[in-house]
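# Structural overview for review
Okay, here's what each chain looks like letter by letter:
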Amino acid sequence: MTAPQPSAVGVGALPVTAPPTVELRRVSGLDRSRRGWLHDATVELGAGVHVALGTARDGAAALAALVCGEVAPRHGRVLVGGAEPARRAGARRGIAALRREPCLLPGTVRAAVRLALSVSGGAPDACLAALGPLARREVRALSRAERRRVELEIALAHPAPVLLLLEEPFCDLEPADAPRLRSVARERARAGACVLVVGGGGSDAAGLADRVLVLERGRLVASQPNAALERLVAPELEVWVRSGGRALVAALAAEAEVDTLTWAERPPGGALVSLGARDADAAAAALARAVAVSGAELVGFAERQPARDRLVAALWAPPPPRPPRTAQVSPTGAPSPPPPAPEEPTP
Amino acid sequence: MRARLVAARAGFGLAWARLRPRGLFVLALGLAAALVVAVIERATAPTSAPDRSLAFASGFVLPLVALGVVSLATGAEELGASVWCLSRHGLSRRASLLGVGLAVVAATALAALVVVEVTLAVAHGGSPGADALTSGWIAALGAAAYGSLALAGARLLRRGRGRYVVVLLDLLLGGGHVWGLPWPRAHLASLLGGPAAHGLSQAESSLVLGAVALGTGLVATVVTRD
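Residues numbered from 1 in each chain as written. Chains lettered and ligands numbered in written order. Predicted model: local features only at pLDDT ≥ 70, side-chain atom pairs only at ≥ 80, totals over all residues. Heavy atoms only, no water.

### Digging into the pattern of salt bridges
Residue and element names in this part refer to chain A. Applying the stated criterion across every chain yields a total of 26 salt bridges over all chains. Two residues, arginine 35 and aspartate 31, come together in a salt bridge whose shortest N-O distance is 3.2 Å. Between arginine 144 and aspartate 172 there is a salt bridge whose closest N-O contact spans 3.0 Å. Separated by 28 residues along the polypeptide, arginine 144 in helix α5 (residues 144-156) and aspartate 172 in the loop between β6 (163-167) and α6 (178-190) bring together distant segments of the chain. (Salt bridge = Lys/Arg side-chain N within 4 Å of Asp/Glu carboxyl O. Helix = DSSP H or I, 4+ residues; strand = E, 2+ residues; numbered from the N terminus.)

In structure tokens, the structure reads:
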């Protein structure tokens, strides 16, 4: 008799073709700072870029801590490349990680980089060159953002990671470095590594992920291919109109680029218009044409990203409904009649 | 094997780097406490001042110095977490902790040697006294035992707060109590001229101290996940 297999939430949505690089089997655990639990998570991640959306309280920090072997799960098993990173040094050797709270060897940055890359077999000189003047400084004199920068360069210098874990990678990152990080992540994924991005916003996920995991209050509530997310994170443009609001809305409604359009009058004569399009550039171009046609006077406009709650609500895969309570079955297979109601007590 | 050696060396370096900035402060605090007592003892009863000063230094100052050294060397973290900045790159936790343990034992022994020698010199009124060398190695052995014990304690409770518990247990149970055999207090006192601990000879007490110094830290290291 075989034990029932645990059901993986949403895993069926995207079949893992290669042997999974990272496996979580009914894992429950907590990060070291006890910011949030991860409850009973089961998922298999193969080569590709996977983005886990959620805050630390939703279990994102716990997921990162468990996967990189910082803490052992309270229940279940975490496997990276077939071994448990919390128990096997060899499994951790294949993990390159950027953590939210950086942890570097005390001393100089140069020494920290050399030690880390001597284990993984990376090239320290290239890494130190990428760090520039930071390489000559003492670790204790660095700010948190600078420590994360050092940690990121160490992670990216790993020659052949099995798992590249990036926890909130775009936080504290110089804007100029973001495209490089995206391209390196994709390159690693193409080379067969599992790239797991934990935290971050929906637009980051949409731009990077092959697959999106959604964490909500400690539970892995969805695991979807990115196509589902791209549709949801299309930006909205909010436009404040001083006058000519109705004419602007009419002009926007005629634009083929505009997917969604809502508006509300703001007296006297003004309006607040929200329009959604394929991307921000398309929305802006449609708005410019509509303003030229309608002659509306604008006060200003801003791009709005969808709130995380909206993404969770849209991506959440509800658990399968429980089967109804079965009626008692008689030996012949026919359901037995319901038990008779208790008789009314006679006065 | 080479990887484990690298990890042990890195662990030693990590503990030493953590001890370097504030370790001298811990030593200075311990030394100041021992010296104050030695000066008072010298002023009140010069003949018994060396013995009483030594008893205070070994009974109170050395455990607290060992506690301070372990707190610094482990970054006031649980034992396994204290070497995370090494083990995250794939270095063995056990081997790294072995290096940390060696650094702790060396640092506590060195600190004890300094505290005891200076205390004896003050209690004797300037000269180190005939028993300085013997007292020095006994104190170093005792402090190493305390350091190892506190390191093992750091395996327990959140953020390694078990290190406080073991030093407290030594204070409560380590005298002539029936449960006092594995704790260093009575053995250290016996070696420094006090009553025999649990009927053991001084040679046996020194063996117990040696076993505690080597064993407890080693056991705590071995039971840590790699």
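### Some words on the packing of helix α2 (residues 49-73) of chain B against helix α6 (residues 132-153) of chain B
Residue and element names in this part refer to chain B. Their axes nearest at 8 Å, the elements α2 and α6 cross at an angle of 40 degrees. Comparing their axes, α6 and α2 come out oblique. Considering the relative orientation of α2 and α6, their crossing is right-handed. Where α2 approaches α6, its residues Leu54, Ser58, Leu62, Pro63, Ala66, Leu67 and Val70 are matched on the opposing element by Ser135, Ala139, Ala143, Tyr146, Gly147, Ala150 and Leu151. (Axes fitted to C-alpha atoms, helices over the stretch in contact; angles between N-to-C directions. Parallel < 35°, antiparallel > 145°, perpendicular 65-115°, else oblique. Left-handed = near helix turned anticlockwise from the far one by under 90°. Contact = heavy atoms within 4.5 Å.)

### Side note on the packing of aromatic side chains
Geometrically, a pair of aromatic rings is defined through the distance of the ring centres and the angle of the planes. All names here are of chain B. Across all of its chains, the model carries two aromatic pairs over all chains by this definition. Measuring from ring centre to ring centre gives 5.8 Å for phenylalanine 12 and tryptophan 16, while their planes differ by 10 degrees; the resulting arrangement is stacked. Residue phenylalanine 12 and its partner tryptophan 16 are located together in helix α1 (residues 2-44), separated by four residues, close to a single helical turn. Taking relative accessible area as the criterion, phenylalanine 12 reaches 33% and is therefore assigned partly exposed. Its end group placed over the ring of phenylalanine 60, arginine 185 keeps NZ or CZ at 5.6 Å from the ring centre. (Phe/Tyr/Trp six-rings, centres within 6.5 Å; stacked < 30°, edge-to-face > 60°. Buried < 20%, exposed > 50% of the residue type's maximum accessible area, 1.4 Å probe, protein only. Lys NZ or Arg CZ within 6 Å of the ring centre and 35° of its normal.)

### Describing empty space enclosed by the protein
All chains considered together, the criterion is met by four cavities of 30 Å³ or more. Quantified by volume, the largest cavity comes out at close to 150 Å³. As for the largest cavity, its lining consists of 16 residues, and the residues nearest its centre are Ile95(A), Ala96(A), Ala97(A), Arg88(B) and His89(B). At the level of elements, α2 (89-93), β5 (95-98), α3 (109-120) and α5 of chain A are the ones that each hand at least two residues to the lining of the largest cavity. (1 Å grid on protein atoms, 1.4 Å probe; cavity = no way out; pocket = protein on both sides within 12 Å on 5 of 7 lines; lining within 4 Å. Points joined across faces, edges and corners; volume = space filled by probe spheres on them.)

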